[in-house]
Amino acid sequence: MNDLATLQTAAAPEILCTVDVVLLTLQQSRLHVALLRRKHPPFAGALALPGGFVHAQTDVDAQASASRVLRDKVGLQTPAYLEQLATFSGPVRDPRGWSVAVVYCALVPPDVLAPALNHVELVAVDALPPLPFDHDQIIGTAVQRVRSKSQYSSLPVHLCAAPFTLPQLQAAYEAVMGEAINKVSFRRKVDELAMLEAVPGALQTGGAHRPAQLYRVRAAYQRSLSLSTRGL
């Protein structure tokens, strides 16, 4: 019996285990995803999500793997918003064999990615090129999740560099939702969330409009920015 168990174990195919990160940001008022050129086969030279194999000897969990991927491949420290999205698996998604990908979603302001733009390509989520593996499906799932959560939470605030104006925050919501939002309804939503505070004496000046008050997230909500409330 032991010999049979040993034979079955030896014959079992190896399962590839990776992490991938859907890193979303804003560019020209549109939601973009960060992609990298693959350096090695399969699909060498193709744009793909930042990802890599789990390091079983050093990664304490899948989120640690995702943080390492962002640090080593994008040059980004763990962002404020990094959440597990879903698991994608199967025998045909990777030509190297049966694979499992634990996927994370991250949101960052544009300025955070600026130092990485020499090796990271930002692509609009509604204008993706052909992508390897099932990365188009993964990105679609991430956008749908972020869009859904933004209907009842403060999630898009992670796309804004603090301090920011209310019009800038509304633009982030609109970029995520893919549609215009009524200004009055949006301001009511912000008041209900009660997550913002005005920066004393800080105004954004310049341009044709009157100076706009600058805001920041209240300290109490820095670690809890997905507060449920009714939608816009």
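Our structure is the block above this text.
Residues numbered from 1 in each chain as written. Predicted model: local features only at pLDDT ≥ 70, side-chain atom pairs only at ≥ 80, totals over all residues. Heavy atoms only, no water.

Visitor: Hey, could you go over the overall build of the protein chain for me, with residue numbers and the actual values?
Guide: Tallying secondary structure elements over the protein chain gives six helices and nine strands in all. Expressed as a percentage of the 232 residues in the protein chain, the buried residues total 44%. For the protein chain, long-range pairs separated by at least 24 residues make up 63% of all intrachain contacts whose partners lie at least 6 apart in sequence. Summed over its atoms, the accessible surface of the protein chain is roughly 12,600 Å², and 52% of this surface lies on carbon and sulfur atoms. (Helix = DSSP H or I, 4+ residues; strand = E, 2+ residues; numbered from the N terminus. Buried < 20%, exposed > 50% of the residue type's maximum accessible area, 1.4 Å probe, protein only. Contact = heavy atoms within 4.5 Å. Areas by Shrake-Rupley, 256 points an atom, 1.4 Å probe, with all protein chains shown as cover.)

Visitor: So what's going on with helix α2 (residues 62-74)? Which residues, and what values?
Guide: In this model, α2 (13 residues) spans 17 Å end to end at C-alpha, consistent with the 18 Å of a helix rising 1.5 Å per residue. Burial in α2 covers these residues: Ser-65, Ala-66, Ser-67, Arg-68, Val-69, Leu-70 and Val-74. The N-capping residue of α2, defined by a side-chain oxygen 3.3 Å from the backbone nitrogen of Gln-63, is Asp-61. Within two residues after α2, Gly-75 carries a phi angle of roughly 80°, on the positive side. (Expected span 1.5 Å × (residues − 1). Polar contact = N/O pair within 3.5 Å; in protein donor to acceptor, adjacent residues only side chain to side chain.)

Visitor: Which residues make up the packing of aromatic side chains, and what values do they have?
Guide: Following the criterion strictly, the structure yields two aromatic pairs and no others. A centroid spacing of 5.0 Å and a plane angle of 80° characterise the contact between Phe-43 and Phe-133, whose relative ring orientation is edge-to-face. Of this pair, Phe-43 sits in the loop between β2 (30-37) and β3 (47-48) while Phe-133 sits in the loop between β7 (121-124) and α4 (135-150); the two residues are 90 residues apart in sequence, bridging distant segments of the chain. Residue classification places Phe-43 among the partly exposed residues on the basis of a relative accessible area of 38%. Note on Phe-133: relative accessible area 18%, which makes it buried. Relative to Phe-186, the ring of Tyr-173 lies with its centre 5.4 Å away and its plane at 70°, an arrangement referred to as edge-to-face. Taken as a pair, Tyr-173 in helix α5 (residues 166-177) and Phe-186 in helix α6 (residues 183-193) lie far apart in primary sequence, 13 residues in all. Using a relative accessible area of 1% as the deciding quantity, one classes Tyr-173 as buried. (Phe/Tyr/Trp six-rings, centres within 6.5 Å; stacked < 30°, edge-to-face > 60°.)

Visitor: Tell me about the packing of α5 against α6, and please be specific about residues and values.
Guide: Two numbers describe how α5 lies on α6: the axes approach to 11 Å, and their chain directions differ by 100°. Judged by the angle between their axes, α5 and α6 are roughly perpendicular. Here α5 contributes Leu-166, Pro-167, Leu-169, Gln-170 and Tyr-173 to the contact with α6, which in turn contributes Lys-183, Phe-186, Arg-187, Lys-189, Val-190 and Leu-193. When its residues are assigned to classes, the contact of α5 with α6 shows seven nonpolar, one polar and three charged. (Axes fitted to C-alpha atoms, helices over the stretch in contact; angles between N-to-C directions. Parallel < 35°, antiparallel > 145°, perpendicular 65-115°, else oblique. Nonpolar A, V, L, I, M, F, W, Y, C, P; charged D, E, K, R; others polar.)

Visitor: Lay out unusual backbone geometry with the relevant residues and their values.
Guide: The omega angle of the peptide bond from Pro-41 to Pro-42 is -5°, so this bond is cis rather than trans. Looking at the secondary structure, you find Pro-42 in the loop between β2 and β3. The residue after Ala-162, namely Pro-163, is reached through a cis peptide bond having omega -5°. Tracing the chain through its elements places Pro-163 in the loop between α4 and α5. In this structure, Ser-29 is a non-glycine residue whose phi angle is positive, near 60°. Structurally, Ser-29 is set in the loop between β1 (16-27) and β2. The exposure class of Ser-29 is exposed, given its relative accessible area of 60%.

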